[in-house]
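Each chain is listed here by its residues.
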Amino acid sequence: MDKRITTAFYVLLCIFCVFVLRLWHLQVIKGSEYKRLDERNRLRVVDVPAPRGVIYDRNDNPLVKNVMSFDVSIVKEDIPKDYQILLELGKLVGLSAEEIKKRARATANPFEAISLRQNVQFEEVARIEAKKIDFPGLQVEVTSAREYLYGQTASHVLGYLGNPTPKQLSTPEYSDVPRQEYIGQFGIEKKYDSILRGTPGKKIVEVDALGNVIKFVRIQKPTRGNDIKLTLDINVQAEAEKALEDKSGAVVALKAGTGEVLALVSAPPFNPNLFVGGINSKDWKELLNDPRKPLMNRAISNHFPPGSTFKIITALAALENGTVTESTPFFCGGSTTFGRVFRCWKDGGHGGVSLHRAIVESCDVYFYEIGKRINIDTIAKYASALGLGRPTGIELDGEAAGLVPSTKWKLKARKEKWYQGETLSVAIGQGYLSVTPIQMARMMAAVVNGGKLFKPHLVKNEDLEAEPESVADINPGNVELVKSGLVGVVYEGGGTGRAARSDIVSIGGKTGTAQVIGGAVKGKYLPDEFQDHAWFVSFAPQYDPQIAVSVFVEHGGHGGSTAAPIAKRVIETYFNPPKKDSEDGEQKQEEQVPENQEPAKPDAG
Amino acid sequence: MIDRRLLKDFDWGFLGMVIVLALIGLMTIFSATRPLLEAEQHPYYLRQLNWIILSLVCFSLMLIFDYRWLVRFAHIFYVLGVVLLVFVLIAGRKGMGAQRWIDLGFLSFQPSEFFKLFFVGALARYLSGLEQGMKLGSKQLVRMLAGFLIFPAILILKQPDLGTMLILIFIFTAMVLTVGIEKKILITVVVIGMIATPVAGKFLWGGLKDYQKNRIIAFIDPQVDPQGIGYHVTQSKVSIGAGGFLGKGYLRGTQGPYRFLPENHTDFIFSIFAEEWGFIGSLVLFTCYLFIIWRGFETAKQSRDIEGTYLALGVTYMFSFYFIVNVGMTLGLMPVVGIPLPLMSYGGTALLSNFLALSIIENVRMRRFASYY
């Protein structure tokens, strides 16, 4: 019996030895490995978003800044499994149960914080905090969010932020961007995202099994993004937007000697503040389905026939080419014939007209006559030397090329030879011609600065002298001839651009009316969508021009009545800026917000 | 009261070690349940302290009664125990998917915890009634199986309390083997066992609850579902391993208070201890347990009569089995069954029943030379 008891003790002793060996294995041999696992349990690396750089206008007015934002997130593991409770959570944070599940599916890490809402209003934060106890893992954190100080003003230039798309995340440019972070998805915010973004920091926190943060272990501070100074003049920009009011269209104002963009307006605008903290699907759908397409940048993406504004090119080409001189007269009897009848806009005709009068009164017959005598390729040469028919290269996505037709182009694109009759249409800015508002502004700038073609740019780089992209070979005398005609357009009797007449500064410009439907059916009483597009390209002042402005109003009717007054307001604001008055500025913003929201709502039914 | 000569033979070292382990348990419970965010400490350690004091009192009181008296009435206790087991199935309090507790209003207890002691007593009574030195034959074996083991084992499995049932089977087997068994019966049992295992295994597997099956699957391969069924085992190994050679230091452990290791103050208290005290501390702890077990076996050998031998032996087997299964489970060497670490785990009934069991060893030991009265 005693022997068996002793044996039993030895058996137990053996088991103890096995345990000790196992302990040795776990604690000594694999100790460091388990220590790592233990830390992985406990320590969580949280990205600390870097504040984005501030965007200023040319006069150092901040346009976009960062403000404190309350963000709500929940640890994936803690998302309620019970559907009823999930619905309650959804109600609390204003999301559907499906949306929460969808967001949770994006990560495999059960301990990752799933972002539910960002930029939550303070009252709502209080409500969520009060209910937080019912939802373990629900967190409210303070981060920084973007605020667009001027509301919808310059929305197409500044752009907006959004989460990176899966496609973006797979590119090296965005490889170090946390999936939850907001990056520029439009406009300057997108183009210069890598500069504005900065480097996110990392926060190492100790968490318990439920994801509650117990303490901070280490913080690696984020590096703030770099600021960007734009060439934009927010006053000019705002005035241009106000001038466009509820119209659809675009205004581009450039500094004639450098290509700096003073204003780049696309109307209708959108409110980039809607995108802060993630745009909700209702707002997004409204933006996408708005028939006025507020997300489209009409200043660079829209292209239409330039109408009579193109006569500037035609005139220059004819003068340079020797087809006409200053005094070459043509007779306008209201129409001319070349295979078919080409009508002047003025039924009674202009009588005998020289170049100056032809520009001032925008006589079509005069330019048809040029069209009869000039080669299309000559026109095309000057048009493209002045930047038409190709993207200008501005720092924004989605720029259209437009089209300057030539014999070569037609042969290639249409497999047909060019007919001289078509040159007549091009001579007055119709036909295959198609240009963007920004191209027209650049063209105007190049003409008045003696042919120097600058790349329009939005970012102000003080270190760099503006270098023209190319210089068109134009005789300064011819330029002066055209310029005096353009000033006549505004200031002389019978000029089509009288509405741009300013007492402050001498403005020159050319009106244009781009046909939407051909033929003779015209009039004020046509429905809007059949109304012509209105153009006005202009510069100021007459001597030593500093600014070039192009205005395009969709279905605006006549350029002279619709577009010219807008150009005048823009130019006057540039030369006579409003006095700095913060109260006034705030008032302006308040006015704009309700105005924007009204038309954005889709029609009922 | 107690004869002064008995106090002379009292094993103070044994009692001291029991108290030391209980206090180590108390410290570890304090550490495992210490709050990190809330200001208030969970009152686990205070309740455990109360139970330790109560257990010590009971330990001492039990020493007054001669163990032979316990053996004499063991069959009555046994029947009483079975009645309680039946009662618990009919009217017991349910908790955590099991029906193990009897609620008396002011306290609730698990009859199965105490039944183990009655079981040991009944076995001792039966075995000491047999002719000494003989090997157990098939007749005795069947009698013991039918009389002591099968019925309560089924009752306890019904609760379900797999751990306690396994303990009964283990004590039974160990006792039978120690007393001695006829060779041909042993061979027969082994052969039948080998043949029947697949069949019985299938039957048993089918009888298990899903969570019990999952625990066994998780034991075989914790990686099957590290967040789910294998979670306990994985986190327990992480806790122990992270302790390293010297440990993180007292109150420096994180796995428990950070709630990565569930049930940390009950079944997984050793993992918490090992995280804070490391390999060296665990070795010391093992030595303490080994000391108690060694004293148990010594007592069985030195007992002045066979009743004392069987009682001490049964209790020592029970205590050893608790320790082996619990520590084996935290080390990932055995499946997770809900068995506490004796003396250290949080839980009043288990603590009291262990103190009572160990008081039997002390009882036998202090009376080992008492043949002169």
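The rules behind the values
Residues numbered from 1 in each chain as written. Chains lettered and ligands numbered in written order. Predicted model: local features only at pLDDT ≥ 70, side-chain atom pairs only at ≥ 80, totals over all residues. Heavy atoms only, no water. Helix = DSSP H or I, 4+ residues; strand = E, 2+ residues; numbered from the N terminus. Buried < 20%, exposed > 50% of the residue type's maximum accessible area, 1.4 Å probe, protein only. Areas by Shrake-Rupley, 256 points an atom, 1.4 Å probe, with all protein chains shown as cover. Polar contact = N/O pair within 3.5 Å; in protein donor to acceptor, adjacent residues only side chain to side chain. Contact = heavy atoms within 4.5 Å. Patch = residues over 30% accessible without salt bridge, like charges linked within 9 Å, V, L, I, M, F, W, Y side chains within 5 Å. Salt bridge = Lys/Arg side-chain N within 4 Å of Asp/Glu carboxyl O. Pairing = 2+ DSSP bridges. Axes fitted to C-alpha atoms, helices over the stretch in contact; angles between N-to-C directions. Phe/Tyr/Trp six-rings, centres within 6.5 Å; stacked < 30°, edge-to-face > 60°. Buried area = accessible area lost by both parts, 1.4 Å probe. Nonpolar A, V, L, I, M, F, W, Y, C, P; charged D, E, K, R; others polar. pLDDT = per-residue confidence, 0-100. Expected span 1.5 Å × (residues − 1).

Quick look at the overall build of chain A now. Across its full length, chain A carries 21 helices and 21 strands. Each of the 605 residues in chain A was classed as buried or not, and the buried ones make up 53%. By element, 53% of the accessible surface of chain A is carried by carbon and sulfur atoms, the whole surface being about 27500 Å².

Now for the side chain of S271 of chain B. All names here are of chain B. Along the chain, S271 falls in helix α12 (residues 269-302). Within the local environment of S271, its side chain forms a polar contact with the side chain of S236, the two groups lying 2.9 Å apart. Once residues within four sequence positions are removed from consideration, S271 is found in contact with S236, S239, I240, L261 and T330.

This brings us to unusual backbone geometry. Residues and elements named next belong to chain A. With an omega of 0°, the peptide bond between A267 and P268 qualifies as cis. On the secondary structure map, P268 appears in the loop between β12 (261-267) and α11 (281-289). Along the chain, A540 connects to P541 via a cis peptide bond; the corresponding omega equals -15°. You can see P541 is positioned in the loop between β20 (533-540) and β21 (547-553). One non-glycine residue, A154, adopts positive backbone phi at about 65°. Inspection of the secondary structure puts A154 in the loop between β5 (138-148) and α6 (155-158).

All names here are of chain B. Together, L46, L49, I53, V57, L61, I64, F65, W69, F73 and I76 give the surface a local cluster of nonpolar side chains, amounting to about 840 Å² of exposed area. With six residues, the top contributor of residues to the nonpolar patch is helix α3 (residues 44-64). When you line up the elements, I76 lands in helix α5 (residues 74-91).

Moving on to the pairing of β20 of chain A. Residues and elements named next belong to chain A. Most of β20 sits out of view: eight of its eight residues are buried. The two faces of β20 match: H533, W535, V537 and F539 on one face and A534, F536, S538 and A540 on the other face are all buried. Sheet analysis places strand β19 (residues 508-514) next to β20, joined by seven bridges and oriented antiparallel. In the sheet register, G508 faces β20, and the bridge partner there is F539. Pairing analysis gives seven bridges linking β20 to β21, with the strands arranged antiparallel. Directly across from F536, in β21, lies its bridge partner V551. Here β20 hands over to β21 after six residues, with D544 in that stretch at a positive phi of 55°.

A separate point is the sheet that holds strand β9 (residues 213-220) of chain A. All names here are of chain A. Ordered in space as β1-β8-β9, the three strands form an open sheet in which the pairing is antiparallel. Among the strands making up the open sheet, the edge pair consists of β1 (43-48) and β9. Between one strand axis and the next, the sheet turns through 30° on average, direction left out of account. Bridge count between β1 and strand β8 (residues 201-207): six bridges; the pairing is antiparallel. Counted as the bridge partner of L43 is E206 from β8.

Residues and elements named next belong to chain A. Ordered in space as β12-β11-β21-β20-β19, the five strands form an open sheet in which the pairing is antiparallel. The open sheet has two edge strands with one neighbour each: β12 and β19. Across the sheet, the axes of successive neighbouring strands diverge by a mean angle of 5°, strand direction being ignored. Of the strand pairs in this sheet, strand β11 (residues 249-255) and β21 are connected by seven bridges, and their pairing is antiparallel. Bridged to G249 within β21 is V553.

As a further point, take the pattern of salt bridges. According to the stated counting rule, one finds 37 salt bridges over all chains in the structure shown. Here K191 of chain A makes a salt bridge to D397 of chain A, at a shortest N to O gap of 3.7 Å. Here K191 of chain A is found in helix α8 (residues 187-191), whereas its partner D397 of chain A is found in the loop between α15 (376-385) and α16 (407-413), with 206 residues between them in sequence. Under the relative-accessibility criterion, D397 of chain A is labelled partly exposed at 45%. One salt bridge in this structure joins K116 of chain B and E113 of chain B, with 3.1 Å as the shortest N-O distance. With K116 of chain B and E113 of chain B both in helix α6 (residues 111-129) and three residues apart, this pair spans about one turn of that helix. Via salt bridges that share partners, R52, R146, E189, D193 and R197 of chain A belong to a single interconnected network.

Okay, the packing of aromatic side chains next. All told, the structure shown has 45 aromatic pairs over all chains when counted by the stated rule. Plain terms: the ring middles of W24 of chain A and F279 of chain B are 5.1 Å apart, the flat faces sit at 75° to each other, and that makes the pair edge-to-face. Here F279 of chain B lies in helix α12 and W24 of chain A lies in helix α1 (residues 2-29), a pairing that spans two chains. With centroids separated by 5.8 Å and ring planes inclined at 70°, the aromatic side chains of F186 of chain A and F270 of chain A adopt a geometry described as edge-to-face. Taken together, the positions of F186 of chain A in the loop between β7 (183-184) and α8 and F270 of chain A in the loop between β12 and α11 put the pair 84 residues apart, joining distant regions of the chain. Like F186 of chain A, the residue F270 of chain A is buried in the burial classification.

This brings us to the interface of chain B and chain A. Every contact between the two is made by 51 residues of chain B and, on the other side, 36 residues of chain A. Here chain B and chain A share an interface that buries about 3800 Å² over both sides, 74% of which is from carbon and sulfur atoms. Joining chain B to chain A, the criterion identifies one salt bridge. Note that D38 of chain A is salt-bridged to K248 of chain B, the shortest N-O span being 2.6 Å. Remark: the boundary between chain B and chain A carries nine residue pairs in polar contact (both at pLDDT 80 or more). Breaking the side of chain B that touches chain A down by element, the ones donating at least two residues are α8 (162-179), α11 (231-243), α12 and α13 (306-330) of chain B. The residue makeup of the side of chain B that touches chain A, split by class, is 30 nonpolar, 15 polar and six charged.

When pLDDT drops low, the exact placement of atoms in the prediction is not to be read closely. Looking at chain A as a whole, the pLDDT averages 86, with 93% of positions reaching at least 70. Across residues 582-605 of chain A, where pLDDT falls below 50, the model places 15 contacts with residues more than four positions away in sequence or in other chains.

Now for the side chain of T511 of chain A. All names here are of chain A. As for its placement among the helices and strands, T511 is situated in strand β19. Of the polar contacts made by the side chain of T511, one reaches the side chain of K510; its length is 3.4 Å. Setting aside residues no more than four positions away along its own chain, T511 makes contact with S308, T309, T496, G497, W535, F536, G559 and G560.

Right, let's talk about the environment of P269 of chain A for a bit. Residue and element names in this part refer to chain A. Mapped onto the elements, P269 comes out in the loop between β12 and α11. Assessed through its relative accessible area of 16%, P269 is described here as buried. Counting along the chain gives 28 residues from P269 to N297, while the straight-line C-alpha distance between them is 8.8 Å.

Between the first and last C-alpha of α1 of chain A there are 39 Å, a value that for 28 residues agrees with the 40 Å anticipated at 1.5 Å per step. Among the residues making up α1 of chain A, those that are buried are I5, A8, F9, L12, F16, F19, R22, L23, L26 and Q27 of chain A. Looking at the buried residues of α1 of chain A, the elements they touch are α2 (31-42) of chain A together with α8, α11, α12 and α13 of chain B.

Another aspect to go through is the pairing of strand β14 (residues 335-338) of chain A. All names here are of chain A. One ladder, built from four bridges, connects β14 with strand β15 (residues 340-343); its direction is antiparallel. Each bridged residue has a counterpart across the sheet, and for S335 the counterpart in β15 is R343. Counting the residues that bridge the hairpin from β14 to β15 gives one residue, and of these G339 lies at a positive phi of roughly 80°.

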